[in-house]
Amino acid sequence: MTDIKGRGIRRKPGNGLMIFLLIIAVFFSVVGRAIFSPLMPYLQEELAISLATVGTMFLLVSVSFSLVMVFSGFLTAWFGHGNTVVAALVLILVGLVISASAGNAIVLAGGMICIGAGAGTYAPSGIAMINTKISIEKRSTAFSLHEIGSNGAILLAPLIVLAAVPLLGWRGVLLLIAFLTGIASIAFYFFGAAESGVGAKPNLSTIGTILRLPHAYLGMLMFSTSLAGLHGVFSILPAYLVEYSTWSAEHVNSLVTLSRVISFSMLLLAGPIIKIMGTRKTIIVVLLFTGMLTGLISVAEGRVLEIVVVFQPALIAVMFPAQLSCLAEIGETWYQNVTSALVITVGMIVGAGVVPALVGVLSDLGIGWCGFVSLALFMLLTVVILMLNPSFGKR
């Protein structure tokens, strides 16, 4: 039919179309994982899953995401970034179908691992396509638009559960998302994959070069903290609140939905905010605000806890375009996909994997509050380290 250079019916997309298709792709990359958080109370009831098991499942998703992301460079070097995005969406579709058929926690975990692998395949290619096609002056705006997809997924996931579970059940919800993911993969194949460029293979020499860059470690710390504040908290919070408060799953998901509406609204202002404040100051202010509210989850009750849950992720969405711009400054452009893979690998394992797993284990021990306090302190420590490294994110 064609090759990655775009001959035949597959044409090179303009930058506007490329960003739009990447928004759709990252939406399904994230919603395939995010949907399990609001679904988890229903899964716990039917499959008899403890909070520690819930946390472990999200850890496995993060590990699969990270391991596959590190080696996705072999795919991008051979097939190109665009075709790798298509393969990622297909892998997510397969994982959703497996999860929908699960009769026990083991099969469910297998499906979630597959989804994590698909999401990990997407991340370096999606980021690299923006970094290589968009000028540095417009890059923050492009990443802000790109983050509409991921934040929109987190926003809509609890809404989808609230609306569709009574009609379709949790298995039907997963199959519906699988069907829509399939449509997205076909659209990206025909309209977004051509002339998308190729990535560098993750050889030891390239990895060694990156690991000798001090800013690479700052990027790892920054992503670990931000992903913990957003995805880590989001993953475990509904199950935690249903078990340790008098709230129903529907009430918790309503609060989470409202929190994502506010977060999504702030994302629309991310470009101007970053332009006025700069990337460094934006990241520091967001971490201070988010850390304070994350710590309050451990002590707040009643109406105050509702307010904390709603506003905890309000600003952190603004941080992602800023830190993705910082990521583009680490190392050379030609191995940017490998840099992205290494930095986000650590961030995903720690922030979206270890954090919910730790909170789940501590919750089963009756001290779940300790996990949220520790996360708040982790955010404050990151702020201190960033302030001690003024050259990071200055461009």
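Computed from a predicted model, the values in this text were never measured in an experiment.

The rules behind these values
- Residues numbered from 1 in each chain as written.
- Predicted model: local features only at pLDDT ≥ 70, side-chain atom pairs only at ≥ 80, totals over all residues.
- Heavy atoms only, no water.
- Helix = DSSP H or I, 4+ residues; strand = E, 2+ residues; numbered from the N terminus.
- Contact = heavy atoms within 4.5 Å.
- Salt bridge = Lys/Arg side-chain N within 4 Å of Asp/Glu carboxyl O.
- Buried < 20%, exposed > 50% of the residue type's maximum accessible area, 1.4 Å probe, protein only.
- pLDDT = per-residue confidence, 0-100.
- Expected span 1.5 Å × (residues − 1).
- Axes fitted to C-alpha atoms, helices over the stretch in contact; angles between N-to-C directions.
- Parallel < 35°, antiparallel > 145°, perpendicular 65-115°, else oblique.
- Left-handed = near helix turned anticlockwise from the far one by under 90°.
- Core = buried A, V, L, I, M, F, W, Y, C linked by side-chain atoms within 4.5 Å.
- Patch = residues over 30% accessible without salt bridge, like charges linked within 9 Å, V, L, I, M, F, W, Y side chains within 5 Å.
- Areas by Shrake-Rupley, 256 points an atom, 1.4 Å probe, with all protein chains shown as cover.

Trainee: Which residues make up the side chain of Thr339, and what are the values?
Mentor: For Thr339, the location among the structural elements is in helix H14 (residues 336–364). Dropping the residues within four chain positions of it, Thr339 is found in contact with Ile210, Leu327 and Ile330.

Trainee: Residues and numbers for the pattern of salt bridges, please.
Mentor: Throughout the structure, instances matching the rule amount to two salt bridges. For Glu46, the salt bridge is made with Arg171, and the minimal N-O distance between the two is 2.9 Å. Within this pair, whereas Glu46 is found in helix H2 (residues 36–47), its partner Arg171 is found in helix H6 (residues 136–191), the two being separated by 125 residues in sequence. Between Glu306 and Arg303 there is a salt bridge whose closest N-O contact spans 2.8 Å. Remark: Arg303 and Glu306 occur in helix H12 (residues 302–311); sequence separation between them is three residues, near one turn of the helix. For Glu306, a relative accessible area of 12% corresponds to the buried category.

Trainee: Any details on the confidence of the model for the protein chain? Residues and values, ideally.
Mentor: Low-pLDDT portions of the prediction should not be read for the details of their coordinates. A residue-level look at the protein chain finds 86% of positions with pLDDT of 70 or above and a mean pLDDT of 81. Within the model, the stretch residues 1–8 combines pLDDT values under 50 with 21 contacts to residues more than four positions away or in other chains.

Trainee: Which residues make up helix H11 (residues 279–296), and what values do they have?
Mentor: One full turn of an α-helix is made of 3.6 residues, so residues set three or four places apart face in the same direction. Between the first and last C-alpha of H11 there are 26 Å, a value that for 18 residues agrees with the 26 Å anticipated at 1.5 Å per step. Among the residues making up H11, those that are buried are Thr279, Arg280, Thr282, Ile283, Ile284, Val286, Leu287, Thr290, Gly291, Leu293, Thr294 and Gly295. Check the buried side of H11 and you find it contacts helix H8 (214–244), helix H10 (270–277), H12, helix H13 (316–327) and helix H15 (368–387).

Trainee: Could you give me a rundown of the packing of H11 against H15, with the residues and numbers involved?
Mentor: Relative orientation of the contacting elements H11 and H15 amounts to 160°, with a least axis distance of 8 Å. For the element pair H11 / H15, the angle class is roughly antiparallel. Crossing of H11 against H15: the hand is left-handed. Only Phe372, Leu375, Ala376, Met379, Leu380, Thr382, Val383, Leu386 and Met387 of H15 make contact with H11, whose side of the interface consists of Arg280, Ile283, Ile284, Leu287, Leu288, Thr290, Gly291, Thr294 and Gly295.

Trainee: Help me get a handle on the nonpolar core, residues and values and all.
Mentor: Of all hydrophobic cores here, the largest spans 118 residues; its most connected members are Ile35, Phe36, Leu39, Leu43 and Leu108. In contact with Leu108, other than residues within four places in its own chain, are Phe36, Leu43, Leu47, Ile49, Met57, Ser99 and Ala102.

Trainee: Kindly report on a nonpolar patch on the surface, identifying the contributing residues and their values.
Mentor: Side chains of Leu167, Leu168, Leu176, Phe179, Leu180 and Ile183 sit close together on the surface and give an oily, nonpolar patch of about 600 Å² of accessible area. Residue position: Leu176 is located in helix H6.

Trainee: Tell me about the environment of Gly103, residues and numbers included.
Mentor: Following the sequence through the fold, Gly103 ends up in the loop between helix H4 (81–100) and helix H5 (105–133). The class of Gly103 is exposed, set by a relative accessible area of 57%. Remark: the alpha-carbon pair of Gly103 and Leu47, spanning 56 residues in sequence, is separated by 7.1 Å. Beyond its immediate chain neighbours, meaning those up to four positions away, Gly103 contacts Leu47 and Arg171.

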